[in-house]
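# Examination of the molecular architecture
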Amino acid sequence: MTQDCIFCRVARGETDSEVLHQDEHVVAFRDIAPQAPHHVLIIPRRHIATLDELGPEDAPLAGHMIHTAARLARDLGVAGEGYRLVFNCNRHGGQTVFHLHLHLLAGRPMHWPPG
Ligand code: 5GP
Ligand code: ZN
């Protein structure tokens, strides 16, 4: 954990984020600037800056993040219509917060290719 990382602060419960799920390993909460009717971020409690830092030992954690997103989509009632999961990595990926996070976007049709 780092003192000044905003998502570490979310993980510690120090912000007023709307948390939809939390367990020993991950926290899921609504994005502050939603890009779709449902926009949820799934983060590991442990500070990992980017996808580029992920090691083979982190594969179960990454799988748990994806499974958590899929389960939330079902719970939110959007799984049938569909949704998009996104990891942005570093500058060209459009990453702005350097604590690993998985975006769950749902509630409207998504376009392809992304911008
Ligand atoms: P990125 O561009 O790094 O993939 O995504 C970062 C996301 O975090 C953005 O969608 C942004 O709106 C969201 N975000 C940034 N700061 C906060 C915050 O303090 N609280 C919440 N809930 N979301 C945040
Ligand atoms: Zn962090």
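Residues numbered from 1 in each chain as written. Chains lettered and ligands numbered in written order. Predicted model: local features only at pLDDT ≥ 70, side-chain atom pairs only at ≥ 80, totals over all residues. Heavy atoms only, no water.

### Quick word on the environment of Val-86
Along the chain, the position of Val-86 falls in strand 4 (residues 83-86). Residue classification places Val-86 among the partly exposed residues on the basis of a relative accessible area of 21%. It is 24 Å that separates the C-alpha atoms of Val-86 and Asp-4, two residues lying 82 residues apart in sequence. Those residues in contact with Val-86, other than ones at most four positions away along the chain, are His-101, Leu-102, His-103 and Leu-105. (Helix = DSSP H or I, 4+ residues; strand = E, 2+ residues; numbered from the N terminus. Buried < 20%, exposed > 50% of the residue type's maximum accessible area, 1.4 Å probe, protein only. Contact = heavy atoms within 4.5 Å.)

### Some thoughts on the environment of Gly-77
With respect to the secondary-structure elements, Gly-77 resides in the loop between helix 2 (59-76) and strand 4. On a C-alpha basis, the gap between Gly-77 and Ala-106 in space is 9.8 Å, while along the polypeptide they are 29 residues apart.

### With respect to the sheet that holds strand 2 (residues 26-30)
Read across the sheet, five strands follow the order 1-2-3-5-4 without closing on themselves; strand pairing throughout is antiparallel. Both outer strands of the open sheet, strand 1 (19-22) and strand 4, are each paired with one neighbouring strand and no more. Here the average twist between neighbouring strands, direction ignored, is 15°. Both strand 3 (residues 38-44) and strand 5 (residues 102-106) contribute to a ladder of five bridges, which runs antiparallel. Across the sheet, residue Leu-41 finds its bridge partner in strand 5, namely His-103. Relative to strand 3, helix 2 is tilted by about 155°, and along the sheet it contacts strand 1, strand 2, strand 3, strand 4 and strand 5. (Pairing = 2+ DSSP bridges. Axes fitted to C-alpha atoms, helices over the stretch in contact; angles between N-to-C directions.)

### Looking at the site of ligand 1
What surrounds ligand 1 is a group of 16 residues, the closest being Asp-31, Asn-88, Thr-96, His-101 and His-103. Contacts to ligand 1 include Thr-96, whose backbone N or O atom sits 2.7 Å from an oxygen atom. Between ligand 1 and His-101 there is a distance of 2.8 Å, counted from an oxygen atom to a side-chain nitrogen or oxygen. Protein chains shield 82% of the accessible area of ligand 1, which is 520 Å² for the free molecule. Breaking the shell around ligand 1 down by element, the ones donating at least two residues are helix 1 (6-11), strand 2 and strand 3. (Near = heavy atom within 4 Å. Polar contact = N/O pair within 3.5 Å; in protein donor to acceptor, adjacent residues only side chain to side chain. Areas by Shrake-Rupley, 256 points an atom, 1.4 Å probe, with all protein chains shown as cover.)

### Looking at helix 2
Given 3.6 residues to a turn, an α-helix orients residues that are three or four positions apart in the same direction. The end-to-end C-alpha separation of helix 2 is 26 Å, in line with the 26 Å expected for 18 residues at 1.5 Å each. Tucked into the core, helix 2 has its buried residues touching strand 1, strand 2, strand 3, strand 4 and strand 5. (Expected span 1.5 Å × (residues − 1).)

### As for the coordination of the zinc ion (ligand 2)
The protein atoms donating to the zinc ion (ligand 2) are Cys-5 (SG), Cys-8 (SG), His-47 (ND1) and His-99 (ND1), with metal-donor distances spanning 2.0 to 2.3 Å. Of note is the zinc ion (ligand 2), whose four donor atoms meet at the metal with angles of 106 to 118° in an arrangement that counts as tetrahedral. Read N to C, the donor residues that coordinate the zinc ion (ligand 2) are spaced as C-x2-C-x38-H-x51-H. Residue Cys-5 is located in the segment before helix 1, and its partner His-99 is located in the loop between helix 3 (90-93) and strand 5; the two are separated by 94 residues in the primary sequence. (Donors = N, O, S within 2.8 Å, 3.2 Å for Na, K, Ca; no water. Tetrahedral: all angles 85-135°; square planar, octahedral: opposite > 155°, others 65-115°.)

### Let's talk about the pattern of salt bridges
In this structure the tally under the stated criterion is four salt bridges. Among the salt bridges present, the one from Arg-30 reaches Glu-18, with a minimum N-O distance of 3.5 Å. With Arg-30 in strand 2 and Glu-18 in the loop between helix 1 and strand 1, this residue pair connects regions lying twelve residues apart in the sequence. Residue classification places Arg-30 among the partly exposed positions, given a relative accessible area of 24%. In this structure, Asp-58 and Arg-46 form a salt bridge, with 2.5 Å as the shortest nitrogen-oxygen distance. (Salt bridge = Lys/Arg side-chain N within 4 Å of Asp/Glu carboxyl O.)

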